[in-house]
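Spelled out, the chains give:
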Amino acid sequence: MQIISSQEHQVYPIIFPTSYGPLGTFNFFIINDGESLSLIDAGINHEGCWDFFNIVLAERGYKLSDIDRIILTHHHEDHVGLLKRILAVKDIPIYAHPLAISRLAMDADFFHMRYQFFNDLYAEMDCLQDAQPRLEKLRQTLKELDEKRLMANYIPIQAGDIVSGLEVIETPGHSPDSISLYDKERKWLFTGDLVLKESSTNAIIDPDQNGVRLKSVVQQRQSLTKCAEIDALLVFPGHRNIIENHKQLINQKLESMNRKAERMLALLAKQSQTASSLAKQYYKSKYNTEFSLVMSEIIGYLDYLEDNQLVIKEKIDGVWIYSLAQQIQEEAIPEG
């Protein structure tokens, strides 16, 4: 297992392989800062991942009881999966963004609001019938709040806070609570799922605490741009390989986002349409097999294009219809 060292600091990457989709691996990291031991993220809830984690600890001469803190980049299940197992051994403080804490603690009011948010959203986007399997999962979550609730010693962290020498940088988009952690002295940057080599820009729609839709693609672009400005020698992502050329990679991702936006504009140039009809045209069979992610992507891009005054929308019979903005339509008409 690779060890990355600088002065008295060491990073022990835990790279657990998976055949699930394009993810390749589930990554989390042990950091020895010379005085204490931190765990960044906590893998997936899988017996093999649990065994793998304990093997890595033992190989480095550590036990679970040696870990002083856990820092979470965001609340998704493939980053918090081993928390219950770890906390059953030792009550370790968990540092996380406040928006992650309400989700991990399964706040009942929030999750009921979130269910209604998605029900209303899918109705407005003309895909309520197609969304039923997704909504059923959300209803099942409401029934399992007590079972899934993770009570712990949470310590909220936000932009500018320093935890074990790591500066907290808020980088929402993939998730509202996403943060990155920066070791300025060693130029190490832990980005969760913000910057991944072999994946899309993976912005995911979610409501804020008040039920207002967050503009995930807008946020993701801002977070990627912020990350590109950071002087980092190594970027430690949530999946696959450690990254050495993050600025180049981010520029490629932003260019890819631009091309995706242009292709959506080209489809809207042919006819005004709903988000779901655009999703079916753009993603074809993936609309059915990856419904939630596909609709997140389409809605996020439509929000981004609307913010940039490239599309407009009109609600007809409770459904949003998207069209090219007037000035874009005029520019598309050839002279002659």
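A brief report on the enclosed structure follows. These figures come from a predicted structure and were not determined experimentally.

Within the protein chain one finds 13 helices and 14 strands. The globule rule puts the C-alpha radius of gyration for 336 residues at 20 Å, and the 21 Å found for the protein chain is close to it. Based on the C-alpha atoms only, the size of the protein chain along its principal axes is roughly 75 × 45 × 35 Å. Every one of the 336 residues in the protein chain was classed for burial, and the buried ones make up 54%. Intrachain contacts of the protein chain at a sequence separation of at least 6 include 64% that bridge at least 24 residues. Treating the 34 positive side-chain charges of the protein chain as one cloud and the 47 negative ones as another, the clouds have centres 3 Å apart.

Below, the discussion takes up the sheet that holds strand β12 (residues 234-237). Strand order in the open sheet made by the 5 strands is β8-β9-β10-β11-β12, with mixed pairing throughout. The sheet terminates laterally at β8 (162-163) and β12, the two strands that pair on one side only. As paired strands, β8 and strand β9 (residues 166-170) are joined by 2 bridges and run antiparallel to one another. Within β9, the position partnered with Val163 by the bridge is Leu166.

Right, let's talk about unusual backbone geometry for a bit. Although it is not a glycine, Met106 sits at a positive phi angle of roughly 50°. Relative to the assigned elements, Met106 resides in the loop between α4 (98-104) and α5 (108-124).

End to end, helix α1 (residues 47-59) covers 18 Å across 13 residues, agreeing with the expected 18 Å (1.5 Å per residue, within 8%). Residues of α1 that are buried: Cys49, Trp50, Phe53, Val56 and Leu57. Projection of α1 onto a plane perpendicular to its axis shows the buried side chains occupying an angular sector of 130°, all on one side. Gly61 lies just past α1 and shows a positive phi near 85°.

Here the focus is the sheet that holds strand β7 (residues 154-156). The strands that make up a sheet are held in pairs by hydrogen bonds between backbone atoms, and each pair lies either parallel or antiparallel. An order of β1-β2-β3-β4-β5-β6-β7 is seen for the 7 strands of this open sheet, with the pairing classed as mixed. The sheet terminates laterally at β1 (4-6) and β7, the two strands that pair on one side only. Strand after strand, the sheet turns through a mean of 20° between neighbouring axes, direction not considered. Where β1 and strand β2 (residues 9-17) come together, 3 bridges link them in antiparallel fashion. Across the sheet, residue Ile4 finds its bridge partner in β2, namely Val11. Relative to β2, α1 is tilted by about 155°, and along the sheet it contacts β2, β3 (25-32) and β4 (37-40).

For the rest of this paragraph, the subject is the packing of helix α9 (residues 246-270) against helix α12 (residues 291-307). Taken N-terminus to C-terminus, the directions of α9 and α12 make an angle of 85°; their axes are 11 Å apart at the nearest point. Classified by the angle between their axes, α9 and α12 sit roughly perpendicular to one another. Contacts from Met257, Asn258, Lys260, Ala261, Met264, Leu265 and Leu268 of α9 reach α12 at Glu297, Ile298, Tyr301, Leu302, Tyr304 and Leu305. Of the residues belonging to the contact of α9 with α12, the class tally is 10 nonpolar, 1 polar and 2 charged.

Within strand β14 (residues 319-324), 5 of the 6 residues are buried, which leaves it mostly tucked inside the rest of the structure. One ladder, built from 6 bridges, connects strand β13 (residues 311-316) with β14; its direction is antiparallel. The residue bridging Lys313 from the neighbouring strand is Tyr322, located in β14. Between β13 and β14, which pair antiparallel one after the other, the connecting turn spans 2 residues, and Asp317 there sits at a positive phi close to 55°.

Quick look at the pairing of β3 now. Within β3, 8 of the 8 residues are buried, leaving the element largely enclosed by the surrounding structure. Where burial is concerned, the two faces of β3 agree: the one with Thr25, Asn27, Phe29 and Ile31 and the one with Phe26, Phe28, Ile30 and Asn32 are both buried. Following β3, the chain reverses through 4 residues before pairing antiparallel with β4; Gly34 in that reversal takes a positive phi of roughly 95°.

Once that is clear, we can look at the pattern of salt bridges. Applying the stated criterion across every chain yields a total of 16 salt bridges. Residue Asp146 is joined to Arg149 by a salt bridge in which the shortest nitrogen-to-oxygen separation is 2.5 Å. Using a relative accessible area of 64% as the deciding quantity, one classes Asp146 as exposed. Taking relative accessible area as the criterion, Arg149 reaches 25% and is therefore assigned partly exposed. Within the structure, one salt-bridge network assembled from shared partners comprises Arg103, Arg114 and Asp206.

Conventions and cut-offs
- Residues numbered from 1 in each chain as written.
- Predicted model: local features only at pLDDT ≥ 70, side-chain atom pairs only at ≥ 80, totals over all residues.
- Heavy atoms only, no water.
- Helix = DSSP H or I, 4+ residues; strand = E, 2+ residues; numbered from the N terminus.
- Rg over C-alpha atoms; globule rule 2.2 N^0.38 Å.
- Buried < 20%, exposed > 50% of the residue type's maximum accessible area, 1.4 Å probe, protein only.
- Contact = heavy atoms within 4.5 Å.
- Lys, Arg positive; Asp, Glu negative; His and termini not counted.
- Charge placed at Lys NZ, Arg CZ, Asp CG, Glu CD.
- Pairing = 2+ DSSP bridges.
- Expected span 1.5 Å × (residues − 1).
- Arc of directions from axis to C-beta.
- Axes fitted to C-alpha atoms, helices over the stretch in contact; angles between N-to-C directions.
- Parallel < 35°, antiparallel > 145°, perpendicular 65-115°, else oblique.
- Nonpolar A, V, L, I, M, F, W, Y, C, P; charged D, E, K, R; others polar.
- Salt bridge = Lys/Arg side-chain N within 4 Å of Asp/Glu carboxyl O.

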